[in-house]
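# Tertiary structure, described
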Amino acid sequence: MKPILIRGLLALFALALPMLASAQQQGLEIDITGGSAQAMPIAVVPMPYQGSAAAPDTDVAAVIRADLDRSGQFRTLPERDIVERPTRGSEVQYPTWRALRQDFLVVGRVVDAGGGSYRVEYELFDVAKQERMLGLAMTARPNAMRDVAHQMADAIYEKVTGVRGAFWTRIAYVTQTGLGDSARYALVVADSDGHNPQTVVRSNEPLLSPAWSPDGRRIAYVSFERGNSAIYIQDITSGGRELVSSFRGINGAPSFSPDGRRLALSLSRSGNPEIYVMDLGSKALTQVTNHFAIDTSPTWAADGGSIYFISDRGGRPQVYQAPASGGSATRVTFEGSYNADPSVSPDGKKIVVAQGSGNVYRIALLDRSLGSPRWSTLSPGSLDESPSFAPNAGMVLYAAREGRRGVLYSVSSDGRVRQRLVLADGDVREPAWGPFREQR
């Protein structure tokens, strides 16, 4: 059985790929490994602090630049090439930015807001039209300045592209420290760029398959702390958790429904791994599949009416789709002999998978938006897995092996920009991109 399918089945008896991680309290480093000449040029001018109190630690403009670069849709002007530094629209000299071949310009400043808070005022301009596209201000405490910067990047991204930004979101991943009897595992939640990591679960036994609830308040995951696999739901705000599935055999691959009221999962309670749906209120189970093959890795369609999953019923693992209430399954993927770990875009038109050929596994994207299916490869590695769409489907997070090190990559959905996010001292695995966050 192939390694990624084993992982989808819980890597039973803790035979998951090695995760030799440490120091999960450190931020994730970002290493840009690609770029795009087609991306839109944008200059984000440094935003100085103009108050009388201590300056904030966060460089707001730098965070915005990193976010926009990571999307693949923008190419920011390096700070060293920014020859003028306006802080408001009245100071902008458009000929300068036209000479620098910039399509868009962002300027702003940070001022005191009273009570120890800061106020960030910023504007977005169309250089060719010499028009202001956006002008907003946001106030935050010092420890929330990165949140403000991500929300600003989201607003800029949406204003230019017409697509909601996904920078002010979170990711979850699993780490392991030590080996053998000394192994320790952690489920970590961090900002989408890897900063502000917080450990929400610690365990002496393997943790697998984190899955976010649609409101971003809970994470379902698999634990082996009871000896056999079991599925828990962790409330990341209160710290409370609930055991929801501990049947005999496999309990794996949890996935929240779009309304958060149901959980799809893979169970072998009847002897063979099948897809089930659990009502989280009553804990009642509905069996979705009934086949002698291995069915695992369920993920919901956006309307909640059907479930995508992996099955080897055709001889090799492929993506299938079946009604969430149960019924006949339809095969979705045909190109490639091995397609696993599906993540589906909100509109259902794109599916990203771990596609295998021999002993090589790469992240591939199936685009059905133009009618006939089209495939593209997003990763160049030899053992890439666990792809997870950003909630706007503009980027994909996935896990890879580089030598003895496990790393995370973020790649734009068009493959233009790929960035490595690695813990400084170790490995990470099992990434999952969280939902949009609602501003309060």
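Preceding this section is the structure that the text describes.
First things first, this report covers the structure right here in the doc. All values derive from a computational prediction rather than experimental measurement.

### Digging into the side chain of Q234
Turning to its location among the elements, Q234 is positioned in strand 12 (residues 230-235). Residue classification places Q234 among the buried residues on the basis of a relative accessible area of 5%. A distance of 3.0 Å separates a polar side-chain atom of Q234 from the backbone oxygen of G239. Not counting residues up to four positions away in its chain, the partners in contact with Q234 are V200, V201, R217, R218, I219, Y221, G239, G240 and R241.

### Remarks on the sheet that holds strand 7 (residues 170-177)
Ordered by their spatial adjacency, 4 strands build an open sheet running 9-8-7-30, and the pairing between neighbours is antiparallel. Edge positions in the open sheet fall to strand 9 (198-203) and strand 30 (429-433), since each of these has one partner strand only. With direction set aside, neighbouring strand axes in the sheet form an average angle of 20°. Note that strand 7 and strand 30 share 3 bridges and pair antiparallel. Bridging from a neighbouring strand, I171 pairs with W433 of strand 30.

### Let's talk about the packing of aromatic side chains
By convention here, two paired aromatic rings are described through the distance between centres and the angle between planes. For the coordinates displayed, the defined rule picks out 8 aromatic pairs. Between the aromatic rings of Y157 and F167, the centroid separation amounts to 5.6 Å while the plane-to-plane angle is 90°, which identifies the pairing as edge-to-face. Remark: F167 occurs in the loop between helix 4 (145-161) and strand 7 and Y157 occurs in helix 4; sequence separation between them is 10 residues. Residue classification places Y157 among the buried residues on the basis of a relative accessible area of 7%. Taken together, a centroid distance of 5.4 Å and an interplanar angle of 10° make the contact between Y398 and Y409 stacked. Residue Y398 is located in strand 27 (residues 395-402), and its partner Y409 is located in strand 28 (residues 405-412); the two are separated by 11 residues in the primary sequence. On the basis of relative accessible area, Y409 is assigned to the buried category, the value being 4%. Joined through ring pairs, the aromatic side chains of F74, Y157 and F167 make up one cluster.

### Here's the deal with the sheet that holds strand 16 (residues 274-279)
Pairing in this open sheet of 4 strands is antiparallel, and the strands run 14-15-16-17 from one edge to the other. Unpaired on one side and paired on the other, strand 14 (251-256) and strand 17 (285-287) mark the two borders of the sheet. Between one strand axis and the next, the sheet turns through 30° on average, direction left out of account. Summarising the sheet, strand 16 and strand 17 pair through 3 bridges and their orientation is antiparallel. Paired with M278 across the two strands is L285, which belongs to strand 17.

### Quick notes on the nonpolar core
Nonpolar side chains in soluble globular proteins tend to be buried together. Residues M47, I64, L68 and M152 are the most contacted members of the largest nonpolar core, which totals 43 residues. Looking at this core, you find at least three residues from each of domain 1 (32-161) and domain 2 (169-436). One finds A183, L207, W212 and Y221 within the second-largest nonpolar core, a separate group that totals 15 residues.

What counts, and where the lines are drawn
Within each chain, residue numbers correspond to sequence positions counted from 1 in written order. Confidence filtering applies because this is a predicted model: local features only for residues at pLDDT of at least 70, side-chain atom pairs given and counted only at 80 or more, and all residues used for totals across whole chains, interfaces and linings. Note that the side-chain values use all heavy atoms of the structure and ignore hydrogens as well as water. Counting from the N terminus, the helices are DSSP H or I runs at least four residues long and the strands are E runs at least two residues long. Each residue is assigned to one of three classes by its accessible area relative to the maximum for its type, calculated with a 1.4 Å probe on protein chains only: buried under 20%, partly exposed between the two thresholds, exposed over 50%. Here a polar contact is recorded for every N or O atom pair within 3.5 Å, except that within protein the pair must consist of a potential hydrogen donor and a potential acceptor, and residues adjacent in sequence are included only if both atoms are side-chain atoms. Residue contacts follow a heavy-atom distance rule, with two residues in contact if any of their heavy atoms lie within 4.5 Å. Two strands are said to pair when DSSP picks up at least two bridges between them. Here the axes come from fitting lines to C-alpha atoms, over the contacting stretch only for helices, and the angles between their N-to-C directions go from 0 to 180 degrees. Any Phe, Tyr or Trp ring, taking Trp's six-membered ring, that has another such ring centre within 6.5 Å forms a pair; planes under 30 degrees apart are called stacked, those over 60 apart edge-to-face, and the others tilted. The definition of a nonpolar core used throughout is a set of buried Ala, Val, Leu, Ile, Met, Phe, Trp, Tyr and Cys residues joined through side-chain atoms within 4.5 Å. Residue ranges for the domains originate in an automatic or database domain assignment.

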